[in-house]
Amino acid sequence: MSYGKIYETTWWGNPAENGWGGIYYSLSVTSVIPDLLSALQERATYYENAAGTTTILTNLENCE
């Protein structure tokens, strides 16, 4: 059964580990930054500033 694309892109709030939305907690705390850095390293000719890139991506990930 397919629920549609909206469930992949809708923001559900901030679930609590042992409370509201607990079944989604692991999805809300999982960062995509390591995967983005790996993809960047694979494509980039010069990749030197992992710390700076991580900081920028973390700020983007946490903006509201």
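These numbers come from a predicted model, not from an experiment.

1. Examining the overall build of the protein chain
Across its full length, the protein chain holds four helices and zero strands. Helices (α) and strands (β) of the protein chain occur, in sequence order from the N terminus, as α-α-α-α. Residues classed as buried in the protein chain amount to 11% of the 64 residues present.

2. Topic: the packing of helix α3 (residues 33-43) against helix α4 (residues 50-62)
The N-to-C vectors of α3 and α4 enclose an angle of 135°; their axes lie 10 Å apart at closest approach. The orientation of α3 with respect to α4, classified from their angle, is oblique. The way α3 lies across α4 gives a crossing that is right-handed. Facing α3, whose interface residues are Ile33, Leu36, Leu37 and Leu40, α4 presents Thr53, Thr54, Leu57, Thr58 and Glu61. Along the lines of polarity and charge, the residues of the contact of α3 with α4 split into five nonpolar, three polar and one charged.

3. Observations regarding the environment of Ala16
Mapped onto the elements, Ala16 comes out in the loop between α1 (6-9) and α2 (25-29). Ala16 sits in the partly exposed class, given a relative accessible area of 34%.

Thresholds applied
- Residues numbered from 1 in each chain as written.
- Predicted model: local features only at pLDDT ≥ 70, side-chain atom pairs only at ≥ 80, totals over all residues.
- Heavy atoms only, no water.
- Helix = DSSP H or I, 4+ residues; strand = E, 2+ residues; numbered from the N terminus.
- Buried < 20%, exposed > 50% of the residue type's maximum accessible area, 1.4 Å probe, protein only.
- Axes fitted to C-alpha atoms, helices over the stretch in contact; angles between N-to-C directions.
- Parallel < 35°, antiparallel > 145°, perpendicular 65-115°, else oblique.
- Left-handed = near helix turned anticlockwise from the far one by under 90°.
- Contact = heavy atoms within 4.5 Å.
- Nonpolar A, V, L, I, M, F, W, Y, C, P; charged D, E, K, R; others polar.

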